[in-house]
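For reference, the chains in residue letters:
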Amino acid sequence: MRLRGGVLLIPALLMVFLFVIFPALWGVIISFTGMSLIGVHALEMKFIGLKNYIKLLNDPDFFNSLRVSFLFTAFSALVGQAFLGLFLALLFRLEGIRGKSLVAVVVFLAWIIPEVVAGYTWGAYAHKHGLLNTLLSFLGIRPINWLYKHPLETAIIANIWRGTAFSMILFSAALESIPNFLYEAAEVDGATGWQRFRSITLPLISHVIIIDYILITIWTFSVFTLIFVMTGRGVGGATELWTIFTYYRGFQPPYEISYAAASASLMFLIVLALIFVYLFALRRVKV
Amino acid sequence: MKRNTYLKTLAIVLIFTLALILTPQGISEERVVLTIEYGEPWKLPVTWALEIFREKYPEVDIRLIMIPYGIDYNAVLAVDLAAGTAGDVFGIDSFLIPEFAEAGYLYDLSDFVKEWPEWEKFSEPMRKIVAHKGKVYGIMIDTDVRMIWYRKDIFRVAGLPEVWQPTTWEEIIDTALKLQEKKEEIMKAMGVDEFYPIYVPAGTKWGEATTMQGFYMILLGADKDPYNRLYDYEEEKWVGKSKALLRTFEFYYDIYVKHKIAPVEYNFVPDVWAHHRKTFAEGKIGMELGGSWEWGEAWGPTGIAPVPEREKKIGFAKMPGIKGGAEGERKWVTISGGWAFAVNAKIPEEKLKYALEFLKILHSKEIIAKYCAEFGKVSPRVDAVEVEEYAKDPYLTAILEYVTFTDFRDALPGYTKVSYFVQKVTEEIITKGITPEEALEMYYKLLVEEFGADKVITYPLED
């Protein structure tokens, strides 16, 4: 029986190896070569050791992209998406609030529309002559080009808008699993709404919060399309996420694919370290 | 029993999927399939050529990979070639030919052109631009020149002459400053809510266009030959510091930082190309450095941002040297690039014949002339003037003069990196306001880091 289960796993493992592990390893291997897409070194496997990594650690653009990625992930995912998601999930549990389904539909729409479309939508929305400025003009605020004056802030808000649905679903499911009698008992004991949230809801969903953090950290670190379409690098690299930095190094002249691979490998290690921190936290919460 | 059926079904599905994945594309591979990869701007000539090709060679199937406007064609092509999925025949920006040839991506067409009598109809620079180390790797389909575009109607509002030809840089900046003074009136007359007197592409978002439309147009007229280039052909080194470079950075500094008469933010919008065409058409820009194709591709009746009665509203002028030639530099400056079609080095033997036949048709006198006339591009073939559509076009006739003093970029291996440094440094100037001297220092350092100090030459900054 056990053997048959193992046999069944083979196709899946094969796929994972072919399409995940092998390309990832290949990326690491390339990062130690001087390979480029064009020119004399095109597709040439000449090993140059750690040169790409040393260059990376001396590249102010790389550190800028690290900073942008951290800010972007911290504010758009860990603060924005998670808090808004939790807030909406709590809101939907309350009875007697109208328009809940409308809000849910809107939040979902942002999540399911293709990323390129979302990017262009935001590009048009935050444009100097876009809807955002039209709305603000009713408040007497002068139109500005948001993508130019506040590129990172706009990108963060766009990503909150885009990704909140996931946290909302996850938290909604978690809240459903909390037995109602706990709240009833607390109410009988005279606990206020805040006390109930703090002492019942939060501890009981804390492991879900950490799982949510793990997932949205991974996803947000690898966000590319939305921001690439909206602002690209942004003014002077203001929205040059690590992914965009990597893209520009690999797929724009001079097409240094090995340098891009080094950047991707290094970032993989950084995200991995973050995940370990979360997993450690998850363990503590569960104990 | 049930479990067994389940397993069997699963196995069958798996085998089918694997078979589908592993089968080389289709079993009906008897017919030759010729794949052509090109950007949307070349849709018309490719379509015309295919009409003729299909009639002549009905045994060949054609597969088209058209990369639409708004997508970086060069990036797609580079990746497709590296991955081995590029077309058998493809369009290529001529400046990339050396580095693509070095990479072994391009089929050597030297023997083909030797036996092709029409090769002689291409002007000499057009035969040179597609060659690398003595071998021919592509055939030009169009070329271009660059100039100052300006709005006659805006000049009228500002009380400036509609027929305008500056002879020095100073004159350009003075005119721009005059437009700046009349900004409110211009905005009212044009019905726009913002106006910038002058626009020169800068920064990394524009990519190669920053270097070609902007930087080279200034650099080539900034000092006398050969001190006005990015590369020193005698020493075979990149130029790290020169008076010409300093003056060029200064030009950017003056219009973007000192006088603030150029739009920094236009260089960072999601689609810089579409945006510059639209804003110029709307009357938000007084003058700009740009390419000759814009006349048809952007502002023509079938263009991206049509300007009705463009002859009355849009004018163009030659870019002068810094003092108009008074200090030994060039009187007029322009630079040409353009696109070629090339054959994939990995093309299978049985397709090669058809690929070459397709090139012959695509680069025939009629198709090149008709296409260049339609888009206002300069024909790489000298006999295009024999075709009526081309000869009767007053615009094309007018820019023929530019071809007499045109130049080409220093497209050697390594050029794409140098070009990127130019983009980066101009971005620093316009966004951070670094001085021309700081910009020069930064540029020099980038070159030395990349190529090593022994591959970089510096010229004295004082006479």
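Note that the coordinates shown come from a computational prediction; the quantities given were computed from them, not determined experimentally.

Caption draft 1: Molecular detail of the overall build of chain A. Summing up its helical and strand segments, chain A has 13 helices and zero strands in all. Its helices and strands taken in sequence order, chain A reads α-α-α-α-α-α-α-α-α-α-α-α-α from the N to the C terminus. If you line up chain A on its principal axes, its C-alpha atoms span 75 × 70 × 30 Å. Counting over 287 residues, chain A shows a buried share of 44%. Considering only residue pairs separated by 6 or more positions, chain A has 66% of its internal contacts joining residues 24 or more positions apart. On chain A, roughly 15500 Å² of surface is accessible, and the fraction owed to carbon and sulfur atoms is 74%. Charge centroids of chain A, computed over 20 positive and 13 negative side chains, lie 3 Å from each other.

Caption draft 2: Looking closely at the sheet that holds strand S6 (residues 139–143) of chain B. Residue and element names in this part refer to chain B. Taken in spatial order, the five strands line up as S2-S1-S3-S15-S6 in an open sheet, and their pairing is mixed. Each having just a single partner strand, strand S2 (60–67) and S6 make up the two edges of the open sheet. Strand-to-strand twist in this sheet, taken as the mean axis angle between neighbours without regard to direction, amounts to 25°. Strand direction decides the pairing type here: strand S1 (residues 32–39) and strand S3 (residues 89–93), joined by two bridges, are parallel. Bridging from a neighbouring strand, Glu-37 pairs with Phe-90 of S3. Relative to the sheet, helix H2 (residues 43–56) contacts S1, S2, S6 and strand S15 (338–343), its axis offset from that of S2 by approximately 175°.

Caption draft 3: Broad picture of the interface of chain A and chain B. Each side of the interface is counted separately: chain A has 35 residues, and chain B has 34 residues. In total, about 2900 Å² of surface goes out of reach between chain A and chain B, with carbon and sulfur atoms giving 59% of it. The tally of links from chain A across to chain B stands at four salt bridges. One salt bridge connects B:Glu194 with A:Lys128, and the closest N-O pair in it is separated by 2.8 Å. Where chain A packs against chain B, one counts 13 residue pairs in polar contact (both at pLDDT 80 or more).

Caption draft 4: Just the sheet that holds strand S9 (residues 231–232) of chain B, in detail. All names here are of chain B. In spatial order, the strands read S9-S10-S16; together these three strands make up an open sheet with mixed pairing. The open sheet is flanked by S9 and strand S16 (456–458), the only strands paired with a single partner. Contacts between helix H20 (residues 436–451) and the sheet are confined to strand S10 (237–241) and S16, with S10 contributing the most and set at about 150° to the helix.

Caption draft 5: Up close: the domain arrangement of chain B. Residues and elements named next belong to chain B. When the domains of chain B are assigned, the result is domain 1 (2–144 + 337–404) and domain 2 (146–333). Taken over C-alpha atoms, the centre of domain 1 sits 32 Å from the centre of domain 2. Tallying the contact residues gives 16 residues for domain 1 and 17 residues for domain 2. The junction of domain 1 with domain 2 conceals about 1300 Å² of combined surface from both sides, 60% of it contributed by carbon and sulfur atoms.

Caption draft 6: Fine view of the side chain of A:Thr154. Residues and elements named next belong to chain A. Relative to the helices and strands, Thr-154 is located in helix H8 (residues 151–176). Take Thr-154: its relative accessible area is 6%, and that puts it in the buried class. When neighbours within four sequence positions are excluded, Thr-154 is seen to be in contact with Trp-122, Ala-126, Trp-146, Leu-147 and Met-230.

Conventions adopted
- One numbering rule holds for all chains: residues counted from 1, following each sequence as written.
- For naming, the first written chain is A and the first written ligand is 1, with later ones following in the order written.
- The model is predicted, so local features are restricted to residues of pLDDT at least 70 and side-chain atom pairs to those at 80 or more, both for listing and for counting; the totals for chains, interfaces and linings are taken over all residues.
- The side-chain values count all of the structure's non-hydrogen atoms but skip hydrogen atoms and water molecules.
- Helix and strand assignments come from DSSP, with helices taken as H or I runs of at least 4 residues and strands as E runs of at least 2, each series counted from the N terminus.
- Residue burial is assigned from relative accessible area. The probe radius is 1.4 Å, only protein chains are included, and a residue is buried under 20% of its type maximum, exposed over 50%, and partly exposed in between.
- Throughout, a residue-residue contact means that at least one pair of heavy atoms, one from each residue, lies within 4.5 Å.
- Only the protein chains shown count as cover for residues, and all accessible areas are computed by the Shrake-Rupley method using a 1.4 Å probe.
- Only four residue types enter the tally: Lys and Arg on the positive side, Asp and Glu on the negative side, with His and both chain ends excluded.
- To locate a charge, the coordinates of NZ of Lys, CZ of Arg, CG of Asp or CD of Glu are taken.
- Note: two strands are recorded as paired if DSSP finds a minimum of 2 bridges between them.
- Helix axes are fitted only over the stretch in contact, all axes being lines through C-alpha atoms; the angle between N-to-C directions runs from 0 to 180 degrees.
- Buried area: the accessible surface (1.4 Å probe) lost by two parts on joining, summed over both.
- The term salt bridge refers to a pairing of a side-chain nitrogen on Lys or Arg with a carboxyl oxygen on Asp or Glu at a separation within 4 Å.
- Pairs of N or O atoms within 3.5 Å make up the polar contacts considered here, provided that, within protein, one atom can donate a hydrogen while the other can accept it, and that residues adjacent in sequence are counted only when both atoms are side-chain atoms.
- By convention here, the domain bounds are inherited from an automatic or database domain assignment.

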